[in-house]
Structures are given as structure tokens and as C-alpha cells.
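As a plain string of letters, each chain reads:
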Amino acid sequence: MEHFTIATEAEKSPDFRRVLWTGEHTQLVIMTIPPGGEIGEEVHEENDQILTFVSGVGEARVSGQTRKIAAGDLVVVPAGRKHNFVNTGPNPLVLYTIYGPPDHADGAVHKTKEEADRLEEAGKDEPPQS
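Residues numbered from 1 in each chain as written. Predicted model: local features only at pLDDT ≥ 70, side-chain atom pairs only at ≥ 80, totals over all residues. Heavy atoms only, no water.

Peer 1: Help me understand the side chain of Thr-22, please; the structure alone is not making it clear to me.
Peer 2: Here Thr-22 is to be found in strand S1 (residues 17-22). Side chain to side chain, Thr-22 and Asp-106 meet in a polar contact 3.0 Å long. Ignoring any residue separated from it by four or fewer positions in sequence, one finds Thr-22 in contact with Gln-27, Pro-102, Asp-106 and Pro-128. (Helix = DSSP H or I, 4+ residues; strand = E, 2+ residues; numbered from the N terminus. Polar contact = N/O pair within 3.5 Å; in protein donor to acceptor, adjacent residues only side chain to side chain. Contact = heavy atoms within 4.5 Å.)

Peer 1: Looking at this model, I keep getting lost on the UniProt feature "domain: Cupin type-2" (unreviewed entry) in the chain. Mind explaining?
Peer 2: Following the UniProt record, the feature "domain: Cupin type-2" (unreviewed entry) maps to residues 30-99 here. Structurally, residues 30-99 comprises 0% helix and 61% strand, and the distance from its first C-alpha atom to its last is 11 Å. (UniProt positions renumbered as here; feature names shortened; annotations may be inferred.)

Peer 1: Explanation requested: the pattern of salt bridges in the structure shown.
Peer 2: A side chain of one charge can pair with a side chain of the opposite charge if their charged atoms are brought near each other. Using the criterion set out here, one finds seven salt bridges in the structure. Asp-15 is the salt-bridge partner of Arg-18, the closest N and O atoms lying 2.3 Å from each other. Judged by relative accessible area, which is 5%, Asp-15 ranks as buried. Among the ionic pairs, Lys-111 bridges to Asp-15, the shortest N-O distance being 3.6 Å. Here Lys-111, found in the loop between strand S10 (109-110) and helix H2 (113-121), pairs with Asp-15, found in the loop between helix H1 (6-12) and S1; they are 96 residues apart in sequence, far enough to count as distant. For Lys-111, a relative accessible area of 55% corresponds to the exposed category. (Salt bridge = Lys/Arg side-chain N within 4 Å of Asp/Glu carboxyl O. Buried < 20%, exposed > 50% of the residue type's maximum accessible area, 1.4 Å probe, protein only.)

Peer 1: So what exactly am I meant to see when it comes to the sheet that holds strand S5 (residues 57-62) here?
Peer 2: What holds strands together in a sheet is hydrogen bonding between their backbones, with the strands either parallel or antiparallel. What the four strands build is an open sheet, ordered S3-S8-S5-S6; its pairing is antiparallel. With one partner strand each, in any of the chains shown, strand S3 (42-43) and strand S6 (65-70) form the two edges of the open sheet. Direction of pairing for S5 relative to strand S8 (residues 82-87): antiparallel, over a ladder of five bridges. Across the sheet, Val-62 pairs through a bridge with His-83, a residue of S8. (Pairing = 2+ DSSP bridges.)

Peer 1: I keep staring at unusual backbone geometry and nothing clicks. Help me out?
Peer 2: Note on backbone geometry: most residues besides glycine have negative phi, and most peptide bonds are trans. Each neighbour pair has its own omega, and for Gly-100 with Pro-101 the value is -5 degrees, a cis peptide bond. Mapping Pro-101 onto the fold places it in the loop between strand S9 (93-100) and S10. At Ser-63, a residue that is not glycine, the phi angle is positive and equals roughly 50 degrees. Its location among the elements puts Ser-63 in the loop between S5 and S6.

Peer 1: For this particular structure, what's the right way to read the sheet that holds strand S7 (residues 74-77)?
Peer 2: Taken together, the six strands give an open sheet; going across it, the order is S7-S4-S9-S2-S1-S10, and neighbouring strands pair in antiparallel fashion. Pairing within the sheet leaves two strands with one partner each, and these edge strands are S7 and S10. Summarising the sheet, S1 and strand S2 (residues 27-33) pair through five bridges and their orientation is antiparallel. Within S2, the position partnered with Trp-21 by the bridge is Leu-28.

Peer 1: Sorry, what's going on with a nonpolar patch on the surface here?
Peer 2: A cluster of nonpolar side chains, namely Ile-50, Leu-74, Val-76 and Ile-98, defines an oily patch on the protein surface of about 320 Å² accessible area. Among the structural elements, Ile-98 can be located in strand S9. (Patch = residues over 30% accessible without salt bridge, like charges linked within 9 Å, V, L, I, M, F, W, Y side chains within 5 Å. Areas by Shrake-Rupley, 256 points an atom, 1.4 Å probe, with all protein chains shown as cover.)

See the structure below:
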């Protein structure tokens with residue numbers, strides 16, 4: 001059994017992205033977006049994504065709609081939808097997200113968005129093949 005106190009795990013990780021668990025059909029990832037930072041506009045053609053916000057404030061931008069987000073909010077991004085999440089506050093925007101199917105390499109840790117982008121572009125952040 002895998003067990004996490006998810007808010008605690010998310011809050012204690014300073015990394016932009018950290019994969020906590022990867023299964024055959026889903027993946028659990030925690031993220032910390034610095035003040036003024038963002039996840040970056042993207043589309044997951046084959047992945048649904050559910051994001052739950054632990055602390056901080058920001059904006060969810062999904063399919064041309066924008067909504068303010070804060071701790072306790074949850075946003076669902078169906079596969080194929082353009083989306084971005086932006087930190088609009090003075091503190092880190094901390095969240096955990098579930099991808100179905102997995103979207104990142106098992107155990108991946110990306111300290112910054114720049115590192116995450118570089119590894120993705122180099123093909124070094126691929127999910128396990130089932």
C-alpha cells in the first residue's frame with residue numbers, strides 16, 4: 001500500500017514537479033509554482049488531468065476560460081484541452097495532480113520549470129510504456 005499525507009508531501013517539496021507514484025493507469029505528481037510562475041500552456045492529447053490546490057492563489061486557464069483558484073479548489077482538464085495554471089500571488093502555488101494515463105517518467109524530479117521543459121524536449125521525461 002502506498003500512503004501519503006498529500007498536503008504535507010506537496011507543501012514540503014520545493015521542486016517544480018515531483019512524481020510521487022506511477023501506476024499502470026494513473027500517476028500522482030506534486031508541483032510548486034513560484035510567485036509569478038506558471039505551468040505553461042499545454043495540451044495533453046491522451047491524458048485527463050485532475051489538479052487539487054493545497055496553498056497559494058492563481059488562475060486556471062482552460063479552453064479559453066479563466067477562473068481564480070486557491071487552496072481547496074480542484075480543476076478537471078479533460079484530454080485535448082488547452083490549459084495553463086498561473087501563480088498570481090506572493091507565495092508559491094502548491095498543488096497535486098493526477099494524470100490518467102501517466103504523463104511523466106516514473107520518479108521524475110524537476111527542480112525548475114526550465115529543467116522540466118528541457119528534459120521533455122530532449123525526450124527524457126517519457127511515461128513508462130505499459
